[in-house]
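These are the residues of each chain, in order.
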Amino acid sequence: MTCENTPAERIAAICAAQKACFRSGATLGERFRRTMLRRLDQALGQWEQRLCDALWKDLHKSPEEAILTELSIVRGEVRNHLRHLGGWMRPERRPTPLKLQPSTSRILSEPLGTTLIIAPWNYPVQLLLNPLVGAISAGCTAVLKPSPYTPHVSATLRAMISEIYDEEYIAVVEGNREVNARLLEERWDLIFFTGSPSLGRTVMEAAARHLTPVILELGGKSPCIVDRGADIPVAARRIAWGKCLNAGQTCIAPDYLLIHEELLEEFIDAFRDAVRRLLGDDPRQSRHYVRIVNERAFDRVASYIGQGTVRVGGHSDRAERYIEPTLLTKVDPAAPVMREEIFGPVLPVIPFTTRQQAVDFITAREKPLALYYFGPEKQGREILNRTSSGGACLNDTIMHIANEALPFGGVGNSGIGSYHGRLSFDAFSHRRAVIETPTWIDLPFRYMPYRMFRWVKRIL
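Bear in mind that the values here come from a model prediction, so they are computed numbers and not experimental data. (Residues numbered from 1 in each chain as written. Predicted model: local features only at pLDDT ≥ 70, side-chain atom pairs only at ≥ 80, totals over all residues. Heavy atoms only, no water.)

### What to know about the overall build of the protein
Here is step 1 of the chain: Scanning the protein from N- to C-terminus turns up 16 helices and 20 strands.
Here is step 2 of the chain: A globule of 460 residues ought to have a C-alpha radius of gyration of about 23 Å, and the protein, at 25 Å, matches this closely.
Here is step 3 of the chain: Looking at the protein as a whole, 53% of its 460 residues are labelled buried.
Here is step 4 of the chain: A separation threshold of at least 6 residues defines the contact pool for the protein, and within that pool the share at least 24 residues apart is 72%.
Here is step 5 of the chain: With the model as given, the accessible surface of the protein reaches about 20,600 Å², and the carbon-plus-sulfur share is 52%.
Here is step 6 of the chain: Of the charged side chains in the protein, 58 are positive and 52 negative, and the gap between their average positions amounts to 9 Å. (Helix = DSSP H or I, 4+ residues; strand = E, 2+ residues; numbered from the N terminus. Rg over C-alpha atoms; globule rule 2.2 N^0.38 Å. Buried < 20%, exposed > 50% of the residue type's maximum accessible area, 1.4 Å probe, protein only. Contact = heavy atoms within 4.5 Å. Areas by Shrake-Rupley, 256 points an atom, 1.4 Å probe, with all protein chains shown as cover. Lys, Arg positive; Asp, Glu negative; His and termini not counted. Charge placed at Lys NZ, Arg CZ, Asp CG, Glu CD.)

So, in structure tokens, the structure goes:
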């Protein structure tokens, strides 16, 4: 199955209709926003089986993993917005200094307008619909662009969205990068993009032509440190889970492992046992083990296996797009497996002797989307103070994304901006400063020729 490109003239018509819809003010009211959020939540329940079936066809993703990592996250986000929307929309009072009295000061959260959301293929439901929750909550319209690499999911989402929303409000546009290029020619009030840093640069370049604000959720090589004092069986299980989830095709998956040299052999044995407990003796037979999205991605990830010594796993099958969870040692830090984001179930391991070596290794590279540390919490906090990443976990992996009260986003090469919870509302809003000044008094000190300025100066 392949996605057909939405014609250019249809894209132009949708964009024009959404701009007219937003200008009409139809999306602004709280009742409207709540109704649209509830429609999305209800649709996710009604379409759950069809979405799970599509995720299985495209990625071999089990219903359990689909619900855990995709549908439940979006529904949780919707419910969080429904709980708090009234408070978020309410004007925020701010102090007014003496020099501006008797004025009052407020911040109004106003919707940015017509928005474009471009999603990747690895979590094609969550990463398309979670930003949409913020767009609806903030009072925006949105054009949704799913990935063509998951065509069954794309078609299912298009059918679901068209069932619950008019396209002048929310619409799905499908197709390849030619469609992306056509979409980026339009003038938007916000572009929300999730994908690779290289494509993020393309989006940002296109947005700069119209001075369009962007939220870029990118990726990079997220390091994982296993230090002395770590609980090795627990660390191995949580790292293996983070690397096996979605077959490593997760932007915040552990991308490489820095481990104290004294722990290397113990960790390898524990990692091998953890993979077996997660996926059985033959991960190929596990219905919980996702496949690589396409042959091109398979070839790239499989090529990394020969760039080190295989200590766990190493088997692959191109016909099934299957790559076994693989642990590599004796890896050259300059090899592609250590320079490129892996986005697959291959984990290179680099030993260190001091924490300073681990810190230096991380800080010499681009800032990652996530950082994971296993060991004593005190030392972990020191590592966090001396490094930078979009998010982090101490003695865990992945789980910081599951808390909608925490921001999710990158820093530097791994992204611009963040979302989830209130931050999703803010991402699609402009915080507008407002001063309200009464007319019953009009103090003369601010007007030329600035009489009594010597006294006025004291309150400035």
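### Describing a nonpolar patch on the surface
Here is step 1 of the chain: A cluster of nonpolar side chains, namely L98, M448, Y450, F453, I459 and L460, defines an oily patch on the protein surface of about 660 Å² accessible area.
Here is step 2 of the chain: Along the chain, Y450 falls in the loop between β20 (429-436) and α16 (453-456).
Here is step 3 of the chain: Looking at Y450, the relative accessible area reads 40%, which means it is partly exposed. (Patch = residues over 30% accessible without salt bridge, like charges linked within 9 Å, V, L, I, M, F, W, Y side chains within 5 Å. Salt bridge = Lys/Arg side-chain N within 4 Å of Asp/Glu carboxyl O.)

### Focus on the packing of helix α4 (residues 63-89) against helix α5 (residues 126-138)
Here is step 1 of the chain: As a packed pair, α4 and α5 sit with axes 9 Å apart at the nearest point and diverge in direction by 10°. If you check the angle between α4 and α5, you find them roughly parallel. Counting all contacts with α4, which are made through T69, E70, I73, V74, E77, V78, H81, L85 and W88, the residues of α5 involved are Q126, L129, N130, V133, G134 and S137.
Here is step 2 of the chain: Its residues placed into classes, the contact of α4 with α5 shows seven nonpolar, six polar and two charged. (Axes fitted to C-alpha atoms, helices over the stretch in contact; angles between N-to-C directions. Parallel < 35°, antiparallel > 145°, perpendicular 65-115°, else oblique. Nonpolar A, V, L, I, M, F, W, Y, C, P; charged D, E, K, R; others polar.)

### A few points about empty space enclosed by the protein
Here is step 1 of the chain: Per the counting criterion, the structure on display carries one cavity of 30 Å³ or more.
Here is step 2 of the chain: Residue lining of the largest cavity: G220, K243, G248, T250, C251, A253, D255, E341 and F343, and that is the complete set.
Here is step 3 of the chain: Residue composition of the lining of the largest cavity, by class: three nonpolar, three polar and three charged. (1 Å grid on protein atoms, 1.4 Å probe; cavity = no way out; pocket = protein on both sides within 12 Å on 5 of 7 lines; lining within 4 Å. Points joined across faces, edges and corners; volume = space filled by probe spheres on them.)

### What about the layout of surface pockets?
In this approach, a probe sized like a water molecule rolls over the atoms, and the result shows the empty space that is left.
Here is step 1 of the chain: The volume enclosed by the largest pocket comes to roughly 1,300 Å³.
Here is step 2 of the chain: Taken together, 45 residues line the largest pocket, and the ones lying closest to its centre are R177, G195, S196, S198 and L199.
Here is step 3 of the chain: At the level of elements, α7 (177-185), β6 (190-194), α8 (197-208), α11 (295-304) and α12 (336-339) are the ones that each hand at least two residues to the lining of the largest pocket.
Here is step 4 of the chain: Among the elements that line the lining of the largest pocket, the one with the most residues is α8, at five residues.
Here is step 5 of the chain: In the lining of the largest pocket, the residues fall into 22 nonpolar, 13 polar and 10 charged.

### Quick word on unusual backbone geometry
Here is step 1 of the chain: Of note, the bond from Q101 into P102 is cis; its omega dihedral lies within 30 degrees of zero at 5°.
Here is step 2 of the chain: Its place among the elements puts P102 in the loop between β1 (92-94) and β2 (104-111).
Here is step 3 of the chain: The omega torsion of the bond from M448 to P449 falls at 15°, within 30 degrees of zero and hence cis.
Here is step 4 of the chain: Residue A247 is not a glycine yet carries a positive backbone phi of 55°.
Here is step 5 of the chain: Examined against the element boundaries, A247 turns out to sit in the loop between α9 (232-244) and β9 (256-260).

### Remarks on helix α10 (residues 264-279)
Here is step 1 of the chain: Between its first and last C-alpha, α10 extends 22 Å over 16 residues, near the 22 Å set by a 1.5 Å rise per residue.
Here is step 2 of the chain: Looking only at α10, the buried set comprises L264, F267, I268, A270, F271, A274, V275 and L279.
Here is step 3 of the chain: Elements in contact with the buried residues of α10: β8 (223-226), α9, β9, β10 (309-312), β13 (326-329) and β14 (346-352). (Expected span 1.5 Å × (residues − 1).)

### Here's the deal with the packing of aromatic side chains
Here is step 1 of the chain: Evaluated as defined, the whole model comprises 11 aromatic pairs.
Here is step 2 of the chain: Their ring planes at 70° and their centres at 5.1 Å tell us that F32 and Y169 sit as a pair that is edge-to-face. With a gap of 137 residues between them, F32 in helix α2 (residues 30-46) and Y169 in the loop between α6 (151-164) and β5 (170-172) connect regions that are remote in the sequence.
Here is step 3 of the chain: Given the relative accessible area of 4%, Y169 is considered buried.
Here is step 4 of the chain: Between F408 and Y419 the ring centres are 6.2 Å apart and the planes differ by 75°, which places this aromatic pair in the edge-to-face class. Residue F408 is located in strand β17 (residues 408-409), and its partner Y419 is located in strand β19 (residues 418-419); the two are separated by 11 residues in the primary sequence. Here the two residues F408 and Y419 agree in accessibility, since each one is buried.
Here is step 5 of the chain: Members of the aromatic cluster, each reached through a chain of ring pairs, are F192, F408, Y419 and F428.
Here is step 6 of the chain: The ring of W47 has R50 lying over it, and the distance from NZ or CZ to the ring centre is 3.7 Å.
Here is step 7 of the chain: Across the ring face of F361, the terminal group of R365 is positioned such that the distance to the ring centre comes to 3.6 Å. (Phe/Tyr/Trp six-rings, centres within 6.5 Å; stacked < 30°, edge-to-face > 60°. Lys NZ or Arg CZ within 6 Å of the ring centre and 35° of its normal.)

In short, shape yes, function no, at least from these values alone.
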